[in-house]
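So you can see what is in the structure, the chains are spelled out below.
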Amino acid sequence: MATLNPVIEDSWKNVLNDQFLAPYFSELKEFLVEDKKVYTVYPPGFQIFSAFNITPFNKVKVVILGQDPYHGFGQAHGLCFSVSENIQQPPSLKNIFKEIHSDLGIPIPKSGNLEKWAKQGVLLLNATLTVRAKQAGSHQKKGWETFTDAAITKLSEEREKLVFLLWGNYAIAKHEIIDSSKHLILTSPHPSPFSANRGFFGNRHFSQTNEYLRNNGNDEIDWSI
């Protein structure tokens, strides 16, 4: 599988080179090759590393952590919570836009494609980078989490003054690998309809992110789409 050999932006390739050489990564590649023989796997191979390719290591300002790619046709394109153009916004993404509107007054967009954020330095990282069609969580615990934890750890260790937005228990648990003395960690319930009313709505993470970036000499994120 050529995409996992891996075609990834150079700064990330340098930072994560030891992961690509590790035995678990070879096993992950083998698993994906075999799984693709039997199942449809999302996102397409050329988009697996989109989060890294659009947001180079030294350009990251904000990290939003998701768990799994969307598993419906045409949805996943390598950025967490984001969907390809002309695809209906999933419920969690709708709730993210509602909170941005409440927090910053930005109109709720028709598009659910978050590439504009990624190009400004928002790393939209899923913990697991692939999934079988219509089978949520089907590629968990195959090696991806080791890889993405390494990416988070490198950002924590080698960068300063980043904002980590951790929504829901799965993401919040990642605070253990982030140095809170160097970075801002904001946590809340997940934007899913099952939990958004328990504290995602009203978390004001987007204005807090921009305030922190501004106070540390960085450009704010334009959260409009």
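Fair warning: this is a prediction, and the values are worked out from it, not measured in the lab.

## Description of the sheet that holds strand β2 (residues 62-66)
Read across the sheet, four strands follow the order β3-β2-β5-β6 without closing on themselves; strand pairing throughout is parallel. The outermost strands of the open sheet, each flanked by one partner alone, are β3 (122-126) and β6 (184-188). Within this sheet the neighbouring strands show an average axis-to-axis angle of 20°, counted without direction. Examined bridge by bridge, β2 and β3 share five bridges and lie parallel to one another. Across the sheet, the residue bridging to Val63 is Leu123, located in β3.

## Side note on the nonpolar core
The nonpolar side chains of soluble globular proteins are, as a tendency, buried together. Counting 64 residues, the largest nonpolar core has Trp12, Phe52, Ile64, Trp117, Phe147 and Trp223 as its most contacted members. A per-element tally of this core places helix α7 (residues 144-158) first, with six residues. Discounting residues that sit within four places of it in the chain, Phe147 has contacts with Ile8, Leu16, Gln19, Phe20, Tyr24, Phe25, Phe49, Phe52 and Leu129.

## Examining unusual backbone geometry
With omega at -10°, the peptide bond leading from Tyr42 into Pro43 counts as cis. Examined against the element boundaries, Pro43 turns out to sit in the loop between β1 (41-42) and α4 (50-54). Although it is not a glycine, Lys134 sits at a positive phi angle of roughly 65°. Its location among the elements puts Lys134 in the loop between β4 (131-132) and α7. Assessed through its relative accessible area of 76%, Lys134 is described here as exposed. Even without being a glycine, Lys161 presents a positive backbone phi close to 60°.

## A few points about the packing of aromatic side chains
Considering all chains together, one arrives at 20 aromatic pairs under this definition. These aromatic residues form a ring-pair network of at least three members: Trp12, Phe20, Tyr24, Phe25, Phe49, Phe52, Phe57, Trp144 and Phe147. The ring of Tyr39 has Arg132 lying over it, and the distance from NZ or CZ to the ring centre is 3.9 Å.

## Details of the packing of helix α5 (residues 91-104) against helix α9 (residues 205-215)
Put simply, α5 and α9 touch, their axes get as near as 8 Å, and they point 60° apart. With respect to α9, the axis of α5 lies oblique. For the pair α5 and α9, the contacting residues are Ile96, Glu99, Ile100, Asp103 and Leu104 in the first and His205, Phe206 and Ser207 in the second. Class assignment for the residues of the contact of α5 with α9 results in four nonpolar, two polar and two charged.

Each value, and the rule that gives it
- Residues numbered from 1 in each chain as written.
- Predicted model: local features only at pLDDT ≥ 70, side-chain atom pairs only at ≥ 80, totals over all residues.
- Heavy atoms only, no water.
- Pairing = 2+ DSSP bridges.
- Helix = DSSP H or I, 4+ residues; strand = E, 2+ residues; numbered from the N terminus.
- Axes fitted to C-alpha atoms, helices over the stretch in contact; angles between N-to-C directions.
- Core = buried A, V, L, I, M, F, W, Y, C linked by side-chain atoms within 4.5 Å.
- Buried < 20%, exposed > 50% of the residue type's maximum accessible area, 1.4 Å probe, protein only.
- Contact = heavy atoms within 4.5 Å.
- Phe/Tyr/Trp six-rings, centres within 6.5 Å; stacked < 30°, edge-to-face > 60°.
- Lys NZ or Arg CZ within 6 Å of the ring centre and 35° of its normal.
- Parallel < 35°, antiparallel > 145°, perpendicular 65-115°, else oblique.
- Nonpolar A, V, L, I, M, F, W, Y, C, P; charged D, E, K, R; others polar.

Note that all results are geometric; they support no functional claim without further evidence.
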